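For reference, the chains in residue letters:
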Amino acid sequence: MPGFDTDWPADSTEFCPHTSAQDIFVCGTYKLEQSAQDANASETEGNDEADAGGAVESSSRELQTRRGKCLLFRVQDENHFTPLHEIDLPAILDMKWCHRTPSVPPLLAIADSEGHITLHELSDNKLRQIQSISCASSDTLCLSLDWSNRRIPTDGLGDLVVSLSNGSLALLRPDDHGRLAVLKTWHAHDYEPWIAAWDHWNTNVIYSGGDDLKMKGWDVRQAKQQPLFVNKRFDAGVTTIQSHPFIEHMLAVGSYDNTVRLFDTRKPLVPLTQVDVGGGAWRVKWHPAPQRRNDLLVACMHDGFKVVRFDFGAGDEVGPAVESSVQPWEIVKRFDQHTSLAYGVDWSFMQEGDGDTLVASCSFYDHTLHLWRA
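Residues numbered from 1 in each chain as written. Predicted model: local features only at pLDDT ≥ 70, side-chain atom pairs only at ≥ 80, totals over all residues. Heavy atoms only, no water.

Caption draft 1: Here's a closer look at the sheet that holds strand E29 (residues 368-373). Ordered in space as E1-E29-E28-E27, the four strands form an open sheet in which the pairing is antiparallel. Strands at the two margins of the open sheet, each flanked by one partner only, are strand E1 (4-5) and strand E27 (342-347). Relative to E29, E1 is paired through two bridges, and the arrangement is antiparallel. Residue aspartate 5 lies in a different strand from E29, and its bridge partner there is threonine 368. (Pairing = 2+ DSSP bridges. Helix = DSSP H or I, 4+ residues; strand = E, 2+ residues; numbered from the N terminus.)

As structure tokens, this is what we get:
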């Protein structure tokens, strides 16, 4: 199937996990409004920003306007999907559906380029904004976000962690009225923290990574935030982190250095194994079904999208199995139909027996969205 033209550069896509809406997914876009002078300079100098996050420009260009849209789709079959709705926002950098029980509507959180998180409920095939939370000044970008309740869906909202382009992390928590509010922010990284993510087995703990070539752990219960650990053993910026939903202590971490590393969170300074994925790893996503717990989906920026399959063995304690194997991983699928930076990717939550799973992927400068199976 030909790709869908998102009109503006696309950098994020997320399938809805809610049992009533697993045929729904969203795609976020990011358009930089350049002056004629900036456009000429970009053509003269070349586009170096692709290797510095692509969607995130130098903070020195304060007068630039960044615009975005959230595009809502419904899957018809593996070759067809239907646009349902779109909403205009500042440029979108990340989105996550909250994992909620069937008794409440699906809800999407969006991180934008003007320091805001917006919450949107899905109703009648449309997204309706119910709250906007300011996490920082309007010249600060919300770079990533993550809900704490991935493993155990809730009636209300989970906690939300947000990474900010000024080097800070923000912790948002529902107040007595069920509305999210910023509980605290703290300085975490000396350069852009591209990613912040919960330990989904211990939701007192957050992991973050940034352009300072560091991954850090944080205990949100601390009154004065000091990192639990600092891993400085990266060759480039840390871009993506995801806690495994079915294997405790397992963490997948991607970097601009073309490598995905697996860590045991009890020994976060030395990887269990590492995979050369051929391009900067912008997003990693563990498969949402327990029977495919070995499969990791990776957006590889300059080298398309891939599925890496790890050899975790049969037991619950997978670290020894990984460490004892000569090569405990293989790339079992790749998708190369995008012609630009591979950024947004996600698995569908629809369970379809033993067959392949539907995947959505989007790329930046060619503003293209694809569905495929892996």
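Caption draft 2: Structural context of the pattern of salt bridges. The tally for this structure, following the rule as stated, stands at 19 salt bridges. Close ionic contact of arginine 74 with aspartate 23 constitutes a salt bridge, the shortest N to O distance being 3.0 Å. Note that arginine 74 is positioned in strand E5 (residues 65-77) and aspartate 23 in the loop between strand E2 (10-15) and strand E3 (24-29), a separation of 51 residues in sequence. The exposure class assigned to arginine 74 is partly exposed, which follows from its relative accessible area of 24%. Of the charged contacts, one joins arginine 100 and glutamate 121 as a salt bridge, the two residues approaching to 3.6 Å between their closest N and O atoms. Of this pair, arginine 100 sits in the loop between strand E7 (92-97) and strand E8 (107-112) while glutamate 121 sits in strand E9 (residues 116-123), and the two are 21 residues apart along the sequence. The pair arginine 100 / glutamate 121 is uniform in exposure class, with both members buried. Each of the salt bridges in this network shares a partner with another, and the network as a whole consists of Asp303, Lys306, Arg334 and Asp336. (Salt bridge = Lys/Arg side-chain N within 4 Å of Asp/Glu carboxyl O. Buried < 20%, exposed > 50% of the residue type's maximum accessible area, 1.4 Å probe, protein only.)

As far as function goes, none of this settles anything; it's purely spatial.
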